[in-house]
Amino acid sequence: MKELLNKNMTYVFYIFAALILTGALLIYTLFEKTSVAIRQNNLLSNIEYIDNITTNMSALIQTSTDNHIYEALKKSTALRTNLQKSLELFVTKRYRYVYVVDKEQQNSKDFRFLLDGARDNKAEFLENYTPLNIQKWQEVYSTKKSLYFQNKDVESLWMTYLKPIVIDNKVQAIIAIDFSLSDYNIIVEALKKLHISFISIILFAIFLFFVIAFFSYVDKKRIQKLTRQSQKIRKFNKTLQIKIEEEVEKNRKKDQQLIQQSRLAQMGEMISMIAHQWRQPLSAINSAAIAINFKAQLNKLDAQELIEMSDKISSFSQHLSATIDDFRDFFKPNKEKKQVTYNEIIESVLNIVETSLKNCNITVIKEMHSEIVFNTYANELKQVILNLIQNAQDILLEREISNPTIVIKTEENSLSVSDNGGGVPSEIIEKIFDPYFSTKTEKNGRGLGLYMSKMIIQEHCGGELRVENIGDGAQFTIQLPQEV
Amino acid sequence: MKKLIILCAVCTVMLFANEDYELKLYEKILPDIFAQTPIYIYATHEAKEILQKSTKFKVVDRCDKRVVLLVGEDFTHLPVECKNKPVFATNYRTFRDNANSFGAFYWSKGRPQVYFKQKNVQKFHIKLPSYLRKYER
């Protein structure tokens, strides 16, 4: 829609610009015609006026001289004076020189003054006169017709009008009037300025048209480029969305795999722990069985002793059964939150891991200061705490710490598990929660335990799991939210 | 007012243009007629002012033997030794009436007029260059 509007606007601009240009050219043409007409009319009206004057002069001279101009003027000084006074009447600032000349012979090249309308420096009767553009003057003699021309050599602001006095089809004399072109020139100059202004405006309009057209073209190209780019971006965005969805799906699958791997690892560890838990009762059952068998062979087995032995075996079996229940509960994921205390959780975890720790001579110190009852996924929290204790155990064994100790401390909403295993090196402390990051070289080092623990605390329990080095070891702290 | 200024400017230009024109003409014609450098001239009125501007001419205040040419209009009170010197007139009347005038240059109706009097050209044994012969009357 916007593109269509832009396109339409461009067309409207071109049409509008073309109309303005055409209009300007039409006005210019009209102006040129009018300008020529003004110049011609101004000149022609001047000429017409002068023609009327000279016609009257001619009539006056002919009448006064009875058609014998030279003879009559030669004869009568008074007539010359009178006629010259008449000519003087026409002399103004505009009509500068008014005079009458003739030629002694028709074929003579020289002219001579017959009458001069000048008020001072009057030419004398029959004074020689050599006009400029003499061929024009000769032309008047030959054609017997009036003509006018501009004096280009001298005094170019003046024009000369020549009127023949024709008697008996013969040019007897020429009336000459030099008239000023200053008014005409003022008009011509004004028209010239107007012409220059017009041309400038039209050229400017054309320049402006091209400038606007150029920028319009550039803008059009820019919009086209922008449209292409936005189309590309839209297309890219679509692809990106698909790619993101694909990546999210991949990550989800990866996470599932991680969880699965982690679960398998924990199961392995659990089996190991079960083995530890079961070793003593199984050994006791085995001892009881061997004792029963031995005494039976020697016929020394009495009923009382058999009952005691069978009670022991039963007791050990129940212990084994309880252990299985504990592990089964441990791995049963909670679908709903339930109210627990840190003490209950820690006791439950220690039930599982205590034997293993004891076998490794690791001392467990409990500093339980929190009695808060909170709502959480207990089994998942247990898995995290178990993971932290197992990590502590691993590092204590790996580094062969002489007095291995694990401290479990609760305060308000936080629970910390610390050890005296030497702490986490500073260069890797930032990476230990990353997936597949492990410092362990043994069978359990998959690098998923801490990553999964952090995920459980952050994503499921809405809390925070952090690590810091304290004294001679590392301390992992679980901070659960207040409202939990 | 604007018209008046234009008119004054035009008149000034024409005045100086005419003077320049006259000086150029004198500098062209007279050395071609009188083969001297400088040409000693006794001149009157405007002609004196114009000729003084040229280095080709030596315009003297008193007409004496050195003078070879008189240029101007009124030569009625000349010393005896100058009475028969050739005259180059600057108006029609002097050209027509002065017995020694052999040539003239003046303006008539805004047009330059150049004439040579054949009779006096011969009288003073003046040899006109070919381009001036068409002005002989």
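Just so we're clear, the structure is a prediction, and the values are computed from it rather than from any experiment. (Residues numbered from 1 in each chain as written. Chains lettered and ligands numbered in written order. Predicted model: local features only at pLDDT ≥ 70, side-chain atom pairs only at ≥ 80, totals over all residues.)

Enquirer: Got a minute to help me understand the overall build of chain A in this structure?
Expert: Along its length, chain A carries 9 helices and 13 strands. Split into buried and exposed, the 484 residues of chain A put 22% on the buried side. (Helix = DSSP H or I, 4+ residues; strand = E, 2+ residues; numbered from the N terminus. Buried ≥ 20, exposed ≤ 12 C-beta atoms within 10 Å, placed from the backbone.)

Enquirer: Explanation requested: the sheet that holds strand β11 (residues 414–419) of chain A in the structure shown.
Expert: Where strands meet in a sheet, backbone hydrogen bonds hold them as pairs that are either parallel or antiparallel. Residue and element names in this part refer to chain A. What the 5 strands build is an open sheet, ordered β8-β10-β11-β13-β12; its pairing is mixed. Strands at the two margins of the open sheet, each flanked by one partner only, are β8 (363–368) and β12 (464–470). In this sheet, adjacent strand axes meet at a mean angle of 15° when their direction is disregarded. Two strands pair when backbone bridges link them, and β12 and strand β13 (residues 473–479) are joined in this way by 7 bridges, in the antiparallel orientation. The partner of Ile 470 across the bridge, within β13, is Gly 473. Here helix α8 (residues 378–398) sits on the sheet and contacts β10 (405–411), β11 and β13; the angle it forms with β11, its principal contact strand, is near 15°. (Pairing = 2+ DSSP bridges. Axes fitted to C-alpha atoms, helices over the stretch in contact; angles between N-to-C directions. Contact = placed C-beta atoms within 7 Å.)

Enquirer: Would you take a moment to explain the packing of α8(A) against helix α9 (residues 449–460) of chain A for this structure?
Expert: When two helices pack together, their arrangement is captured by the angle between the axes and the distance separating the axes. Residues and elements named next belong to chain A. Here α8 crosses α9 at 150°, and the two axes come no closer than 10 Å. Comparing their axes, α9 and α8 come out roughly antiparallel. Judged by the twist between their axes, the crossing of α8 over α9 is left-handed. The residues of α9 that touch α8, namely those facing Glu 380, Gln 383, Val 384, Asn 387, Leu 388 and Asn 391, are Gly 449, Ser 453, Ile 456, Ile 457 and His 460. (Parallel < 35°, antiparallel > 145°, perpendicular 65-115°, else oblique. Left-handed = near helix turned anticlockwise from the far one by under 90°.)

Enquirer: Got a minute to help me understand the environment of A:Val467 in this structure?
Expert: Residues and elements named next belong to chain A. By the secondary structure assignment, Val 467 is in strand β12. A tally of 19 C-beta atoms within 10 Å means that Val 467 is categorised as partly exposed. Placed 34 residues apart in sequence, Val 467 and Phe 433 show a C-alpha to C-alpha distance of 9.4 Å. Contact partners of Val 467, with chain neighbours within four places excluded, come to Val 424, Ile 429, Ile 432, Ala 474 and Phe 476.

Enquirer: Sorry, what's going on with the packing of helix α7 (residues 342–359) of chain A against α8(A) here?
Expert: All names here are of chain A. Remark: α7 packs on α8, axes separated minimally by 9 Å, with the N-to-C direction vectors making an angle of 35°. α8 is crossed by α7, and the crossing has right-handed handedness. Residue-level contacts link Ile 345, Ile 346, Ser 348, Val 349, Ile 352, Val 353 and Leu 357 of α7 to Ala 378, Leu 381, Lys 382, Ile 385, Leu 386, Ile 389, Gln 390 and Gln 393 of α8. Grouping the amino acids of the contact of α7 with α8 by side-chain chemistry returns 11 nonpolar, 3 polar and 1 charged. (Nonpolar A, V, L, I, M, F, W, Y, C, P; charged D, E, K, R; others polar.)

Enquirer: Got a minute to help me understand α7(A) in this structure?
Expert: Spacing of three or four residues puts side chains on the same side of an α-helix, whose turn is 3.6 residues. Residues and elements named next belong to chain A. Taking 1.5 Å as the rise per residue, α7 with 18 residues should run 26 Å; its terminal C-alpha atoms sit 25 Å apart, in good agreement. Residue Val 353 marks the point of greatest curvature in α7, where the axis turns by about 50°. Among the residues of α7, those classed as buried are Tyr 342, Ile 345, Ile 346, Val 349, Ile 352, Val 353 and Leu 357. Asn 361, located one to two residues past α7, shows a positive phi value of around 60°. (Expected span 1.5 Å × (residues − 1). Bend = angle between axes of the 7 residues up to and from the residue.)

Enquirer: Looking at this structure, I do not really get the nonpolar core. What am I missing?
Expert: As a rule of thumb, soluble globular proteins bury nonpolar side chains together. All names here are of chain A. One finds Val 349, Ile 385, Ile 389 and Val 417 to be the most contacted residues of the largest nonpolar core, which totals 37 residues. Elements supplying a minimum of two residues to this core: α7, α8, β10, β11, α9 and β13. If you tally residues by element for this core, the top one is α8, at 10 residues. When sequence neighbours within four positions are dropped, the list of residues in contact with Val 349 reads Lys 382, Ile 385, Leu 386 and Ile 389. Judged by nonpolar contacts, the second largest core, of 30 residues, contains Met 57, Met 159, Tyr 161 and Ala 173. (Core = buried A, V, L, I, M, F, W, Y, C linked by C-beta atoms within 7 Å.)

Enquirer: What is the right way to look at the sheet that holds strand β5 (residues 101–108) of chain B in this model?
Expert: Residues and elements named next belong to chain B. Taking strand neighbours across the sheet as the criterion, the 6 strands line up as β2-β1-β3-β4-β5-β6 in an open arrangement whose pairing is mixed. The two strands at the open ends of the sheet, each matched to only one other strand, are β2 (57–60) and β6 (111–116). When strand polarity is set aside, the average angle formed by the axes of neighbouring strands in this sheet is 25°. Two strands pair when backbone bridges link them, and β5 and β6 are joined in this way by 6 bridges, in the antiparallel orientation. The residue of β6 that forms the bridge with Phe 105 is Val 114.

Enquirer: What is the right way to read the environment of B:Ser108 from this model?
Expert: Counting through the fold element by element, B:Ser108 comes out in strand β5. Ignoring sequence-local partners within four residues, the contact set of B:Ser108 consists of A:Ala123, A:Tyr129 and B:Gln113.

Enquirer: In this structure, what is going on with the pairing of strand β3 (residues 69–72) of chain B? I would like to understand it.
Expert: Both faces of the sheet carry side chains from a regular strand, because those side chains alternate between them. All names here are of chain B. The side-chain alternation of β3 yields two buried faces, one formed by Leu 69 and Val 71 and the other by Leu 70 and Gly 72. Bridging between strand β1 (residues 39–43) and β3 involves 3 bridges; their strand directions are parallel. Each residue of the ladder has a partner; that of Ile 41, found in β3, is Leu 69. Note that β3 and strand β4 (residues 87–89) share 3 bridges and pair parallel. If you follow Gly 72 over to β4, its bridge partner there is Ala 89.

Enquirer: How should I be thinking about the pairing of β10(A) in this particular structure?
Expert: Residues and elements named next belong to chain A. Burial of β10 is one-sided: the residues Ile 406, Ile 408 and Thr 410 facing one way are buried, the residues Thr 405, Val 407, Lys 409 and Glu 411 facing the other way are not. Judged from the 6 bridges that link them, β8 and β10 form a sheet pairing that is parallel. Bridge pairing in β10 links Glu 367 to Lys 409. Hairpin remark: β10 followed by β11, antiparallel, with 2 residues in the connecting loop; positive phi at Glu 412, about 50°.

Enquirer: Would you mind going over unusual backbone geometry with me for this structure?
Expert: Among all residues save glycine, negative phi is the norm, and among peptide bonds the norm is trans. Across the junction of B:Thr37 and B:Pro38, the peptide omega takes the value -15°, indicating a cis bond. Structurally, B:Pro38 can be placed in the loop between α1 (2–33) and β1. Positive phi, close to 50°, is recorded for A:Asn121, a residue that is not glycine. Note on placement: A:Asn121 falls in the loop between β2 (111–116) and β3 (128–129). Of the residues examined, A:Asn121 has 11 C-beta atoms within 10 Å and is grouped as exposed. Positive phi, normally seen in glycine, also occurs at A:Leu126, with a value near 70°. In this fold, A:Leu126 is placed in the loop between β2 and β3.

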